[in-house]
Amino acid sequence: MGITLQKMAGGVLFALILVVGLNLLVNGIMPVETPHPAPSSAPHAGSPTATAGQAPATAAPEQPLPQRLAAATAAKGQADVKVCQSCHNFNEGGGTKVGPDLFGVVGRPKAAVAGFAYSDGLKKLGGDWSYEDLDKFLTKPGAFAAGTKMTFAGLPDGDKRANVIAYLKSISPNAPPPPQ
Ligand code: HEC
């Protein structure tokens with residue numbers, strides 16, 4: 001009996017050492033790994049001017065729409081509208097899919113494609129699709145047109161939106177001149 005107890009105690013002790021040892025190993029390694037990136041970024045954070053200069057690099061403020069449109073190209077936009085094509089036609093007379101036909105949408109009255117059952121949210125907007133309104137709608141459809149049926153999260157990248165709008169302009173014969 002005594003020997004068995006001793007063996008059991010030995011076993012428990014061994015298990016404890018194993019657990020503690022593993023813990024030490026894991027916790028011992030982790031702090032050594034993590035401080036590595038810190039010293040390299042520390043010198044930048046030193047002066048307030050360096051920090052201020054760094055901030056725009058991580059969250060660059062968006063250019064106003066006229067500037068973004070001036071830099072945009074329809075060709076890039078055509079590649080970016082691939083995400084829209086599951087729901088929209090862009091070719092003339094392409095017809096309604098999940099969403100209305102977008103040929104000629106720039107300068108077109110909102111919610112105006114005959115035979116498409118628009119949501120009340122979109123119908124309530126009124127007016128024509130201007131560059132500014134398209135920019136806002138495409139940023140976050142549900143925020144610009146509450147209750148819209150367009151279940152698309154939006155294009156948060158302002159430059160990408162400008163390219164898409166430039167492409168929409170290129171397929172809109174009645175598009176007004178872009179904002180300056
Ligand atoms: C999941 C399907 C879906 C995707 C993806 C989608 N749309 Fe739509 N879109 C719709 C629907 C549905 C409507 C009608 C909205 C309503 O009635 O509220 C709509 C409406 C619109 C309108 C208003 C048209 C009008 O006649 O007033 C524009 C402009 C538009 N979408 C552009 C886009 C662009 C550009 C993209 C891609 C960046 C896109 N949509 C992606 C489904 C979609």
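Use the structure listed above.
Residues numbered from 1 in each chain as written. Predicted model: local features only at pLDDT ≥ 70, side-chain atom pairs only at ≥ 80, totals over all residues. Heavy atoms only, no water.

Peer 1: Mind showing me how you'd approach the coordination of the iron atom of the ligand here?
Peer 2: Expected angles at a metal are 109.5 degrees for tetrahedral coordination by four donors and either 90 or 180 degrees for octahedral coordination by six donors. For the iron atom of the ligand, the protein coordination sphere consists of His88 (NE2) and Met150 (SD), at 1.9 to 2.1 Å. Each of the 6 donor atoms bound to the iron atom of the ligand contributes to angles spanning 86 to 179°, and the resulting shape is octahedral. Linking His88 in the loop between α5 (74-80) and α6 (120-123) with Met150 in the loop between α8 (141-144) and α9 (158-170), this pair joins segments that are 62 residues apart in sequence. Looking at His88, the relative accessible area reads 10%, which means it is buried. (Donors = N, O, S within 2.8 Å, 3.2 Å for Na, K, Ca; no water. Tetrahedral: all angles 85-135°; square planar, octahedral: opposite > 155°, others 65-115°. Helix = DSSP H or I, 4+ residues; strand = E, 2+ residues; numbered from the N terminus. Buried < 20%, exposed > 50% of the residue type's maximum accessible area, 1.4 Å probe, protein only.)

Peer 1: Would you explain the site of the ligand in this entry?
Peer 2: As a matter of local geometry, the ligand sits amid 27 residues, with Cys84, Cys87, His88, Ser119 and Met150 nearest to it. A distance of 2.7 Å is found between an oxygen atom of the ligand and a side-chain nitrogen or oxygen belonging to Thr148. Tallying contributions element by element places helix α7 (residues 131-139) first for the shell around the ligand, with 3 residues. For the shell around the ligand, the class distribution of residues is 19 nonpolar, 5 polar and 3 charged. (Near = heavy atom within 4 Å. Polar contact = N/O pair within 3.5 Å; in protein donor to acceptor, adjacent residues only side chain to side chain. Nonpolar A, V, L, I, M, F, W, Y, C, P; charged D, E, K, R; others polar.)

Peer 1: It is not clear to me how the side chain of Thr148 should be interpreted in this structure. Could you clarify?
Peer 2: Tracing the backbone through its elements, the reader meets Thr148 in the loop between α8 and α9. A polar side-chain atom of Thr148 sits 3.1 Å from the main-chain amide nitrogen of Met150. Leave out the neighbours within four places in its chain, and Thr148 touches Ser119, Leu122, Phe137, Pro141 and Gly142. (Contact = heavy atoms within 4.5 Å.)

Peer 1: Sorry, what's going on with α7 here?
Peer 2: Think of an α-helix as 3.6 residues a turn; residues three or four steps apart then line up on the same face. Among the residues of α7, Tyr131, Asp133, Leu134, Asp135, Phe137 and Leu138 are the ones counted as buried. If you follow the buried residues of α7, they end up packed against α4 (65-71), α6, α8 and α9.

Peer 1: Got a minute to help me understand the side chain of Asp133 in this structure?
Peer 2: Note on placement: Asp133 falls in helix α7. With relative accessibility at 16%, the residue Asp133 sits in the buried group. For Asp133, the residues in contact, after removing those within four places along its chain, are Lys110, Asp128 and Phe144.

Peer 1: It is not clear to me how the packing of aromatic side chains should be interpreted in this structure. Could you clarify?
Peer 2: Given two aromatic rings, their pairing is described by the distance between the two centres and the angle made by the two planes. The final tally for this structure, using the stated rule, is 5 aromatic pairs. Relative to Phe137, the ring of Trp129 has its centre 5.1 Å away and its plane inclined at 40°; by these criteria the two rings are tilted. Like Trp129, the residue Phe137 is buried in the burial classification. With a centroid separation of 6.3 Å and 40° between ring planes, the pair formed by Trp129 and Phe144 is classed as tilted. (Phe/Tyr/Trp six-rings, centres within 6.5 Å; stacked < 30°, edge-to-face > 60°.)

Peer 1: Mind showing me how you'd approach the packing of α7 against α9 here?
Peer 2: Two quantities define a packed helix pair, namely the angle between the helix axes and the distance between the axes. It is at 10 Å that the axes of α7 and α9 come closest, and there the two elements cross at 130°. Taken together, the axis directions place α7 and α9 in an arrangement best described as oblique. The way α7 lies across α9 gives a crossing that is right-handed. Facing α7, whose interface residues are Tyr131, Leu134, Asp135, Leu138 and Thr139, α9 presents Arg161, Val164, Ile165, Leu168 and Lys169. Each residue belonging to the contact of α7 with α9 can be placed in one class, and the counts come to 6 nonpolar, 1 polar and 3 charged. (Axes fitted to C-alpha atoms, helices over the stretch in contact; angles between N-to-C directions. Parallel < 35°, antiparallel > 145°, perpendicular 65-115°, else oblique. Left-handed = near helix turned anticlockwise from the far one by under 90°.)

Peer 1: Hey, could you run me through the nonpolar core in this one?
Peer 2: One recurring pattern in soluble globular proteins is that nonpolar side chains are buried together. Core analysis: the largest hydrophobic core is formed by 27 residues, its most contacted members being Phe90 and Leu168. Here the element with the most residues in this core is α9; it accounts for 6 residues. With residues up to four places along the chain from it excluded, the contact list for Phe90 reads Val81, Cys84, Gln85, Leu102, Phe103, Tyr167, Leu168 and Ile171. (Core = buried A, V, L, I, M, F, W, Y, C linked by side-chain atoms within 4.5 Å.)

Bear in mind that shape data such as this cannot, by itself, settle questions of function.
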